[in-house]
Amino acid sequence: MNFLLDTKAMSLVLKCGVPPELAGCTYLSEAVELRAFRNASAMDIYRTIAVRHSIKPKSVIRDISYALSKSKYLPSALSELLNFHVGNHLPNNLVIAYLALKLDSDIYNDNIIDKVSS
């Protein structure tokens with residue numbers, strides 16, 4: 001993976017109030033990158049992360065769920081990032097998809113700004 005993408009993905013996850021000390025925070029960040037740039041299915045994403053960390057896909061799912069549950073303001077933070085109301089029911093795959101959409105948009109906008117600045 002790319003350091004800049006890793007940093008941007010983790011920044012989005014942290015802006016949602018996910019505690020950085022939890023393994024699920026790291027897995028969520030990786031999942032966001034995979035969703036944004038591979039457009040993989042949720043299970044493919046969980047399997048890929050599981051292989052990287054030598055754990056089971058169920059552990060990835062559980063750790064991401066736990067990390068998201070520890071965010072005190074996930075719905076409002078996500079709504080603010082996306083500029084629309086997301087509601088309170090936010091399963092893992094929906095959060096991953098929303099953050100991947102934001103990451104993809106941010107990267108696209110950064111590339112446009114870089115080209116215009118040159």
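Throughout what follows, the structure given in this document is the object of discussion. (Residues numbered from 1 in each chain as written. Predicted model: local features only at pLDDT ≥ 70, side-chain atom pairs only at ≥ 80, totals over all residues. Heavy atoms only, no water.)

**Let's talk about unusual backbone geometry**
So, point 1. Phi at S54 is positive, roughly 55 degrees, even though this residue is not glycine.
So, point 2. Position of S54 among the secondary structure elements: in the loop between α3 (42-53) and α4 (57-69).
So, point 3. The exposed category is assigned to S54, whose relative accessible area is 68%.
So, point 4. Phi angles above zero are rare outside glycine, and N83 is one such case at about 65 degrees.
So, point 5. Counting through the fold element by element, N83 comes out in the loop between α5 (74-82) and α6 (92-117). (Helix = DSSP H or I, 4+ residues; strand = E, 2+ residues; numbered from the N terminus. Buried < 20%, exposed > 50% of the residue type's maximum accessible area, 1.4 Å probe, protein only.)

**Details of the environment of P57**
So, point 1. With respect to the helices, strands and loops of the structure, P57 is situated in helix α4.
So, point 2. Between the alpha carbons of P57 and Y46 there is a distance of 5.2 Å; along the sequence they are 11 residues apart.
So, point 3. Sequence-distant contacts of P57, that is, excluding residues within four places in its chain, are made with M43, Y46, R47 and A50. (Contact = heavy atoms within 4.5 Å.)

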